Amino acid sequence: INAEYMGMRFVIPVIFSTASLSKVPNNIFVCMMLLAMLAEVTFTFLSMYQVHFSVPKTVPTLFLAGMISSGRLCCLLIYTFSLKLFERQTSQERSQLMEAMGRLEKRESRLRLEQRLTKQLLHNVLPADIANQLLERLQSEMEESDILLTDPPSDPRDPRDPSGSDRPFDILHSPIAQYHPSAGILFSDIVDFTKYSSNLPADLLVKSLNMLVTGIDYLVAQFNIQKIKTIGDAYMAANVNIGQCDTALIQAALNLQKFADAMINLSPQFSIAHNPLHMRVGIAIGPAVSGVIGVTKFAYDLWGDTVNLASRMESTGVADATQIPASLAKLLQGEVSLHRRDPINVKGVGMVQTFLHYAHDPFVEPELNVVH
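Residues numbered from 1 in each chain as written. Predicted model: local features only at pLDDT ≥ 70, side-chain atom pairs only at ≥ 80, totals over all residues. Heavy atoms only, no water.

Which residues make up the side chain of D261, and what values do they have?
If you trace the backbone, D261 turns up in helix α7 (residues 246–266). Here H357 takes part through its side chain, which lies 2.9 Å from a polar atom of the side chain of D261. (Helix = DSSP H or I, 4+ residues; strand = E, 2+ residues; numbered from the N terminus. Polar contact = N/O pair within 3.5 Å; in protein donor to acceptor, adjacent residues only side chain to side chain.)

With reference to specific residues and values, describe the pairing of strand β7 (residues 299–303).
Inspection of the sheet shows strand β6 (residues 279–293) paired to β7 by five bridges, in the antiparallel sense. In the sheet register, V292 faces β7, and the bridge partner there is Y300. Hairpin connection between β6 and β7: a loop of five residues separates the two successive antiparallel strands, and G294 in this loop has a positive phi of roughly 100°. (Pairing = 2+ DSSP bridges.)

I'd love a proper account of the pattern of salt bridges, names of residues and values included.
Counted according to the given criterion, the structure contains six salt bridges. In this structure, R110 and E114 form a salt bridge, with 3.9 Å as the shortest nitrogen-oxygen distance. On the criterion of helical spacing, the pair formed by R110 and E114 is a turn pair, its members being four residues apart in helix α3 (residues 59–125). Taking the shortest distance from any N to any O, the salt bridge between D192 and K195 comes out at 4.0 Å. Several salt bridges converge on common partners, so that one network encompasses D189, R280 and E314. (Salt bridge = Lys/Arg side-chain N within 4 Å of Asp/Glu carboxyl O.)

This is the structure in structure tokens:
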């Protein structure tokens, strides 16, 4: 048998086997296997043809032996190529599985990030206990509706349920409300703000307000008071967790007054149109109701006569001073300097005796405290 044919019999399958390890489509891979088998059978017949002219009498025996050898080699090729095909298929499936797991991990990571951002956002705009209640309701709503946080409405302003139904996605289906027998309410605003800002460009106006409000936000954290909201140039804060004993009430009132003084002393550090800012503040302590209302852009707020009284204390106050009613003045007697004013008419309450505390006054001047 010619050595060249024998060499080609093994070289071509080896070439095809080596090529099968490269990343080629499976249909091309099968064609390689068929070509290798065809090459083996062809070389066997060529070998027999060569033997026929060399030793004619041995042709039947050699032909039988060659066919057996060729068949065994073809079976080996089929087994080898089938194994390689299985390995390629398994490798592709493993690669697809790894890609799917990678996408799933990214989706879970994004979901955890969105959940963390949701928690941070709610805790940033709502008191901690209210935010936790809303998060519990949201989780319950999502589980009942089988909704994923990663599938929001196409329009973020759309309050509809992300599941696609037309009903409002309302996590406030039952009101969140709390009664506070003693709540400290504080209102403040900037004196002559409208006059200063009437001709100021929008970006400068917002920048100036933002700097002042940001400074007050830091004071809120420092004095452990809750920021409720800003309305125009007005700032509302509160302490709704006041104990019922006299000591707790006095400490809460004193803390609110110190916060008001810090706010008033902070404001002249900022200006609008080169005019230093000055603030007036009103404080009241009494019963109030807090809660969250609305479906879209819902907000935490406070209601009651105490809120109305604190608002009137601020609106009828004077620059660089805090105005308080007589009931609060009694709590602060002996702690801060107070100046009696004429009674004012408060809508829904009637005539109320008020007192002023100027931020530049000493905090302890008993001789000035003439409160009855």
